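Breakdown of the fold
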Amino acid sequence: VEQVKGQAAAPAGAVDFFKQVQPILDAHCAGCHTGGKAKGGLRLDSRTAALDGGKTDGPAIVPGKSADSPLLLRIKSDGRDQM
């Protein structure tokens, strides 16, 4: 898991990516979205990679706007692009 050196702690009430989000991605997404085997070119093994996104959709995570995050939309989808 990548953490940026010198990164300030998340403000009170804010989501801390490394403490709250990364463990979920590690547990549920790493099997398909890490390193060279990343489906769709989407790596979710670091914050930077998730923000870069994959081959489509742009950034997978939109900080502060979860409803606009393609990752969440694909997780909740009933269609063939469901994760």
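The structure contained in this document is the topic of the report that follows. (Residues numbered from 1 in each chain as written. Predicted model: local features only at pLDDT ≥ 70, side-chain atom pairs only at ≥ 80, totals over all residues. Heavy atoms only, no water.)

Things to note about the overall build of the protein chain
Going by this rule: The helix and strand labels rest on DSSP assignments: H or I over at least four residues marks a helix, E over at least two residues marks a strand, and numbering proceeds from the N terminus. Throughout this description, buried means an accessible area under 20% of the type-specific maximum (1.4 Å probe, protein chains only), exposed means over 50%, and partly exposed covers the range between. Residue contacts follow a heavy-atom distance rule, with two residues in contact if any of their heavy atoms lie within 4.5 Å.
Counting its regular elements, the protein chain contains three helices and zero strands. The buried share of the protein chain, taken over its 83 residues, is 28%. By sequence separation, contacts in the protein chain at least 24 residues apart represent 19% of the contacts at least 6 residues apart.

A look at the environment of V62
Summarising the element assignment, V62 is placed in the loop between α2 (47-52) and α3 (70-76). Looking at V62, the relative accessible area reads 25%, which means it is partly exposed. If we ignore the near neighbours within four places in the chain, the residues touching V62 are D68, S69 and P70.

Some thoughts on the nonpolar core
Counted only if it meets this: Side-chain atoms within 4.5 Å are what join buried Ala, Val, Leu, Ile, Met, Phe, Trp, Tyr and Cys residues into a set we call a nonpolar core.
One finds F17, F18, L25, C29, L42, L44, A50, A60, I61 and L71 forming the largest nonpolar core, which totals ten residues. Among the elements that make up this core, the one with the highest residue count is helix α1 (residues 17-28) (three residues).

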